[in-house]
Amino acid sequence: NPAWQALGIEGRCAAITKFADAIAAIAPAVIKAPEIDTGRRAMANQEVLGVIGNMRGWAAQAPNLMPKPDWQQGRMKPNFKHTNAYVPYQLVGAISPWNFPATLSFIDAVPALLAGACVIVKPSEVTPRFADAIAPAIKAAGLAHIFSFVQGGGETGAALTDAVDCICFTGSVATGRKVALAAAKNLIPANLELGGKDPLIITQSADMDAATDLALRSTVLATGQACQSIERVYVPADIYEDFVQKLAAKAKAVRLNTPDISKGEMGPFIFGAQAPKVKAQIDAAVKDGARILSGGEILRHEGGYWLKPTVLADVTHDMEIMREETFGPVIPVMAYGSIEEAIALANDTEFGLSGAVFAGSIDEAHEIGAQIDAGAISLMDAALTGQYFEAGKQSFKNSGLGPSRMGEDGLLRFLRKKAYIANTISPLTLDDFAE
């Protein structure tokens, strides 16, 4: 939209700030939508408030991130000089998943809008209510001509990919491959954030009480339905049994937020079909020798599916639970003999989204983290990419494709670089190229 681009970065920032204010004005109604779809009250509130804060944060920093090109003198040929313009993609599409419907609908949309693009978002058909709830804010902010949602399933996502100049997708590796192939056919960029099987290495020098707290939080927060959730925990062999028993005791104390959604620490499976998949992984691990120390059984409450935090001991890398994404509140814990073995186990995966190291110091954690083959490593904590968005990072291996959606590249990836090359002397003639 030429008028949207013509506003310049300051004008677009003002418009996005107005949009944030419009969402804030109807926040209770907007929050109710993901609460219903996800079965989580506090997290739905945090999501929507986070979207508003994210919009205001991007609007505040975007003017400082936009390139300010100037003429550069040629180094090898001083009679030439060049400058650049940064041209946004005309239409960006975003296909968002069901686990954080508000957050992941806007994580690509906001920086793309600020770059000057128009944006269409297809939310997950599993958690679709958020899009309709936010429609009045889009209208109130006067942005309906450059930003919209489109509802539908996989066929709608495929049609969107065929209609845009740049596609962003968050979801499974299998679907991400289809999006990448469609983007390649259309010769458009694909920004993909896909699955993960994030490891957490706990070292001998780490505080064990804090380590069990961290292992519990980072695996089962949001019922384990987050791409940055820890899905594998590695612990020194000589403290292994104490560790898993302490972890299991803490896991058993976790409360479900049913029948009162305003109480408890853990919600249901958002997508009911996920429950039997997680249960199948647990059962297969037990069949192959794993021990269940807590949880392990799918529960039914008020029509939903629930699983209390499930600690699995004596797991091995032959088990699916240690190789395939689980996306549920399961904590498989494996013993290691040396830190070299722990690093090798952490890297024994097709995924490379992120990982974590909890040690006696940041320096020790950093030294180990440098050897983990993943795009973001949390040091002295875990799953920090869900809390801190300023560090640019890319997905390794099968966990994704394209520039970082965090840090300054989160905005710059929606700009194409256009060159202006000027000759400061008379142009060459054909005679200058004679044999």
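The structure we're discussing is the one just above.
Being a predicted model, the structure only gives us computed values, none of them experimental.

**Student:** Tell me about the overall build of the chain, and please be specific about residues and values.
**Tutor:** Along the backbone of the chain there are 15 helices and 20 strands. Expected size for 435 residues packed as a compact globule is a radius of gyration near 22 Å; at 24 Å, the chain falls within 12% of this value. The principal-axis extent of the C-alpha atoms belonging to the chain is close to 80 × 55 × 35 Å. Taking all 435 residues of the chain together, the buried fraction comes to 51%. Long-range pairs, those at least 24 residues apart, make up 71% of the contacts in the chain with a sequence separation of at least 6. With the model as given, the accessible surface of the chain reaches about 19,200 Å², and the carbon-plus-sulfur share is 56%. Taking the average place of the 38 positive charges on the side chains of the chain and the average place of its 47 negative ones, the gap between the two points comes to 7 Å.

**Student:** Which residues make up the sheet that holds strand β17 (residues 377–379), and what are the values?
**Tutor:** The sheet built from seven strands is open, its strands ordered β10-β13-β14-β9-β8-β16-β17 with mixed pairing. Every interior strand has two partners, whereas the edge strands, β10 (291–292) and β17, have only one. Two elements, strand β16 (residues 355–358) and β17, share three bridges in a ladder whose sense is parallel. Residue pairing for β17: Val357 is matched across the bridge by Leu379. Packed onto the sheet, helix α12 (residues 274–287) meets β10, β13 (310–313) and β14 (330–336) and runs at close to 25° relative to β13. Each of β8 (198–202), β9 (230–236) and β14 is contacted by helix α13 (residues 339–346), which is oriented at about 140° to β14, the strand it contacts most.

**Student:** Outline the nonpolar core, supporting the account with residue identities and numerical values.
**Tutor:** As a rule of thumb, nonpolar side chains are buried together in soluble globular proteins. Core analysis: the largest hydrophobic core is formed by 52 residues, its most contacted members being Phe19, Val92, Phe106, Leu114, Leu143, Phe147 and Phe149. Val233, Ile239, Ala251 and Met266 belong to the second largest nonpolar core, which has 31 residues in total.

**Student:** An account of the sheet that holds strand β7 (residues 190–193) is requested, with residue identities and associated values reported.
**Tutor:** In space, the six strands of this open sheet follow the order β5-β4-β3-β6-β7-β19, with mixed pairing throughout. Strands at the two margins of the open sheet, each flanked by one partner only, are β5 (147–149) and β19 (400–401). Where β7 and β19 come together, two bridges link them in antiparallel fashion. Counterpart to Leu192 in the pairing with β19 is Leu401.

**Student:** Report on the side chain of Lys197, specifying residues and quantitative values.
**Tutor:** As for its position among the elements, Lys197 is in the loop between β7 and β8. Here the side chain of Lys197 touches Ile321 through a polar contact of 2.7 Å, landing on its backbone oxygen. Dropping the residues within four chain positions of it, Lys197 is found in contact with Glu231, Arg232, Ile321, Met322, Arg323, Glu324, Glu325, Thr326, Thr349 and Phe351.

**Student:** Explain the environment of Ser426 to me, and be specific about the residues and the numbers.
**Tutor:** As for its placement among the helices and strands, Ser426 is situated in the segment after β20 (415–423). In this structure Ser426 comes out as exposed when scored by relative accessible area, which is 58%.

**Student:** Report on unusual backbone geometry, specifying residues and quantitative values.
**Tutor:** In this structure, Pro259 follows Thr258 across a cis peptide bond, with omega equal to 10°. Relative to the helices and strands, Pro259 resides in the loop between α11 (240–252) and α12. For Ala222, which is not glycine, the phi torsion reads 60° and is therefore positive. Although it is not a glycine, Met380 adopts a positive phi angle of roughly 60°. Mapped onto the fold, Met380 is located in the loop between β17 and β18 (396–397).

**Student:** I'd like a rundown of a nonpolar patch on the surface, residues and numbers included.
**Tutor:** On the surface, Leu428, Leu430 and Phe433 cluster together to form a nonpolar patch covering roughly 410 Å² of accessible area. In this structure, Leu428 sits in the segment after β20. Given the relative accessible area of 58%, Leu428 is considered exposed.

**Student:** Describe the environment of Ile292, and please don't skip the residues or the numbers.
**Tutor:** Here Ile292 is to be found in strand β10. Taking the C-alpha atoms as reference points, Ile292 and Ser354, separated by 62 residues in sequence, lie 26 Å from one another.

**Student:** Hey, could you go over the pairing of strand β12 (residues 304–307) for me, with residue numbers and the actual values?
**Tutor:** With four bridges joining them, strand β11 (residues 298–301) and β12 adopt antiparallel strand pairing. Residue pairing for β12: His301 is matched across the bridge by Gly304.

**Student:** Could you give me a rundown of the packing of aromatic side chains, with the residues and numbers involved?
**Tutor:** All chains considered together, the criterion is met by nine aromatic pairs. Each ring, one from Phe106 and one from Phe149, has its centre 6.2 Å from the other, and the planes form 70°; the classification is edge-to-face. One end of the pair, Phe106, is in helix α5 (residues 103–106); the other, Phe149, is in strand β5, with 43 residues separating them in the sequence. Judged by centre distance (6.3 Å) and plane angle (85°), the ring pair of Phe130 and Phe149 falls under edge-to-face.

What counts, and where the lines are drawn
- Residues numbered from 1 in each chain as written.
- Predicted model: local features only at pLDDT ≥ 70, side-chain atom pairs only at ≥ 80, totals over all residues.
- Heavy atoms only, no water.
- Helix = DSSP H or I, 4+ residues; strand = E, 2+ residues; numbered from the N terminus.
- Rg over C-alpha atoms; globule rule 2.2 N^0.38 Å.
- Buried < 20%, exposed > 50% of the residue type's maximum accessible area, 1.4 Å probe, protein only.
- Contact = heavy atoms within 4.5 Å.
- Areas by Shrake-Rupley, 256 points an atom, 1.4 Å probe, with all protein chains shown as cover.
- Lys, Arg positive; Asp, Glu negative; His and termini not counted.
- Charge placed at Lys NZ, Arg CZ, Asp CG, Glu CD.
- Pairing = 2+ DSSP bridges.
- Axes fitted to C-alpha atoms, helices over the stretch in contact; angles between N-to-C directions.
- Core = buried A, V, L, I, M, F, W, Y, C linked by side-chain atoms within 4.5 Å.
- Polar contact = N/O pair within 3.5 Å; in protein donor to acceptor, adjacent residues only side chain to side chain.
- Patch = residues over 30% accessible without salt bridge, like charges linked within 9 Å, V, L, I, M, F, W, Y side chains within 5 Å.
- Salt bridge = Lys/Arg side-chain N within 4 Å of Asp/Glu carboxyl O.
- Phe/Tyr/Trp six-rings, centres within 6.5 Å; stacked < 30°, edge-to-face > 60°.

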